[in-house]
Amino acid sequence: MQNVIKPLKPIFVPYKGRKLCSLTIPENKAGELQINVKEPDDKYGNGFITELKNKYNKLLGFEHYSHEFSSDKITGLYIDVEPEYRRKNYRFGEILRLVSIMEMLENKINKFVICAKDNAIYFHAKYKFEPAVTSFSTRDKLLETVINDNSKKFSDLSGEAAQLKEKISSALSAEEQRNLCSETNLLLSRYIRRAELENNINKHQFNWPMDMVLTSEQIYKNKNYFNRLFKKHGIDYSI
């Protein structure tokens, strides 16, 4: 008879007006895992760090973020998994993201903002981060990715991106340029969601980092998706 792994509840420890998560993952490809959110040592600087370790206290992955007291925003600074565990179905990055979602909800945070590396944009999009580009130069570089996508299934989006580029070149006021950032974010979101349906997402890789945001609204909108992930990892938590 197969043993049934009982999901474990996360613990939220009060600390300086916040709640910091402590969690055990009962079963993973790497064995039992321990996750703790704490203030980092001098190596990482200010803010908070989520550490993911195995039962031998080996650090397997971490996420460093900033959260000003009483702010409704978390700023992600860096997320990393040890190279030997990447792309091998350990899902450490996914677990770290689930912890950040619990931190958001338990501390009543409205948004988590990041600057995603070009090769990590689809990782963050998988967990419902959306484009939130405000820099004009970044906007223009990201549009080039869409414009240069020669896939037939993306020809409409490529055409829209080219039209946006023309509008940008003729926009005179800062307000117009900001509005075109908003239009670009909507287009980038559509491009990402369509690319996620492709068998080979590598054909649609971006060539520039992207500012992205995860809102509490998006979390609640996709609560069934996240609840399935909590259950998959043996985390007794639901949205």
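See the structure printed just above.
Rules behind the numbers
Residues numbered from 1 in each chain as written. Predicted model: local features only at pLDDT ≥ 70, side-chain atom pairs only at ≥ 80, totals over all residues. Heavy atoms only, no water. Helix = DSSP H or I, 4+ residues; strand = E, 2+ residues; numbered from the N terminus. Buried < 20%, exposed > 50% of the residue type's maximum accessible area, 1.4 Å probe, protein only. Expected span 1.5 Å × (residues − 1). Axes fitted to C-alpha atoms, helices over the stretch in contact; angles between N-to-C directions. Left-handed = near helix turned anticlockwise from the far one by under 90°. Contact = heavy atoms within 4.5 Å. Nonpolar A, V, L, I, M, F, W, Y, C, P; charged D, E, K, R; others polar. Salt bridge = Lys/Arg side-chain N within 4 Å of Asp/Glu carboxyl O. Core = buried A, V, L, I, M, F, W, Y, C linked by side-chain atoms within 4.5 Å. Polar contact = N/O pair within 3.5 Å; in protein donor to acceptor, adjacent residues only side chain to side chain. 1 Å grid on protein atoms, 1.4 Å probe; cavity = no way out; pocket = protein on both sides within 12 Å on 5 of 7 lines; lining within 4 Å. Points joined across faces, edges and corners; volume = space filled by probe spheres on them.

Novice: Would you mind going over unusual backbone geometry with me for this structure?
Specialist: If a residue is not glycine, its phi is most likely negative; likewise, a peptide bond is most likely trans. Phi at Lys 16 takes a positive value of approximately 50 degrees, unusual for a residue other than glycine. Looking at where Lys 16 falls in the secondary structure, it is placed in the loop between strand E1 (11-15) and strand E2 (18-25). The backbone phi angle of Arg 91 is positive, close to 65 degrees, even though this residue is not glycine. Within the secondary structure layout, Arg 91 lies in the loop between strand E6 (73-81) and helix H1 (92-106). For Arg 91, a relative accessible area of 34% corresponds to the partly exposed category.

Novice: In this structure, what is going on with helix H3 (residues 136-147)? I would like to understand it.
Specialist: Along an α-helix, residues three or four positions apart point the same way, because every turn accommodates 3.6 residues. Across its twelve residues, H3 extends 16 Å between first and last C-alpha, which sits within 8% of the 16 Å expected from 1.5 Å per residue. Residues Thr 138, Arg 139, Leu 142, Leu 143, Thr 145, Val 146 and Ile 147 constitute the buried set of H3.

Novice: Explain the packing of H3 against helix H5 (residues 174-195) here, please?
Specialist: The relative placement of two packed helices is expressed as an angle between their axes plus a distance between the axes. Between H3 and H5, the shortest axis-to-axis distance is 10 Å and the interhelical angle comes to 35 degrees. In the crossing of H3 with H5, the sense of the turn from one axis to the other is left-handed. Every residue of H5 that contacts H3 at Phe 136, Arg 139, Leu 142, Leu 143, Thr 145 and Val 146 is listed here: Ala 174, Gln 177, Arg 178, Leu 180, Cys 181, Thr 184, Leu 187, Leu 188 and Tyr 191. Its residues assigned to classes, the contact of H3 with H5 comprises ten nonpolar, three polar and two charged.

Novice: How should I be thinking about the pattern of salt bridges in this particular structure?
Specialist: Close approach of charged atoms allows side chains of opposite charge to pair. Taken as a whole, this structure holds 18 salt bridges when the rule is applied. Note that Glu 63 is salt-bridged to Arg 97, the shortest N-O span being 3.1 Å. Note that Glu 63 is positioned in strand E5 (residues 59-66) and Arg 97 in helix H1, a separation of 34 residues in sequence. Summarising the burial analysis for this pair, Glu 63 and Arg 97 share the class buried. For Arg 139, the salt bridge identified is with Asp 140, shortest N-O distance 2.9 Å. Overall, Asp 140 belongs to the partly exposed group, its relative accessible area being 31%. Linked by salt bridges that have partners in common, Lys 38, Glu 51 and Lys 53 make up one network.

Novice: What should I look at first to understand the nonpolar core in this one?
Specialist: Across soluble globular proteins, you tend to see nonpolar side chains buried next to one another. One finds Phe 92, Phe 206 and Met 210 to be the most contacted residues of the largest nonpolar core, which totals 60 residues. In terms of residue count, the dominant contributor to this core is H1 (nine residues). Setting aside anything within four residues of it in sequence, one finds Met 210 in contact with Ile 114, Cys 115, Ala 116, Ile 121, Pro 131, Val 133, Leu 142, Leu 188 and Ile 192.

Novice: Teacher, can you tell me more about the environment of Ala 195 here?
Specialist: With respect to the helices, strands and loops of the structure, Ala 195 is situated in helix H5. Separated by ten residues in sequence, Ala 195 and Gln 205 place their C-alpha atoms 9.1 Å apart. Sequence-distant contacts of Ala 195, that is, excluding residues within four places in its chain, are made with Tyr 122, Phe 154, Ile 201 and His 204.

Novice: Can you walk me through the side chain of Asn 227 in this structure?
Specialist: Along the chain, Asn 227 turns up in helix H7 (residues 223-232). At 2.8 Å, the side chain of Asn 227 forms a polar contact with the backbone nitrogen of Ile 239. The residues touching Asn 227, leaving out its near neighbours within four places in the chain, are Tyr 237, Ser 238 and Ile 239.

Novice: Looking at this structure, I do not really get the layout of surface pockets. What am I missing?
Specialist: By rolling a water-sized probe across the atoms, one finds the places where empty space is left. Taken as a whole, the largest pocket spans an internal volume of roughly 1100 Å³. Within the residue set of the lining of the largest pocket, elements represented by two or more residues are E6, H1, strand E7 (111-116) and helix H2 (121-126). Residue contributions to the lining of the largest pocket peak at six residues, all from E6. A per-class count over the lining of the largest pocket returns 15 nonpolar, seven polar and eleven charged. Size it by volume and the second largest pocket reaches roughly 170 Å³. Around the second largest pocket, the lining residues are Glu 130, Pro 131, Ala 132, Val 133, Thr 134, Cys 181, Ser 182, Asn 185, Leu 186 and Ser 189. Broken down by secondary-structure element, the contributors of at least two residues to the lining of the second largest pocket are strand E8 (130-131) and H5. Tallying contributions element by element places H5 first for the lining of the second largest pocket, with five residues. Here the residues of the lining of the second largest pocket sort into five nonpolar, four polar and one charged.

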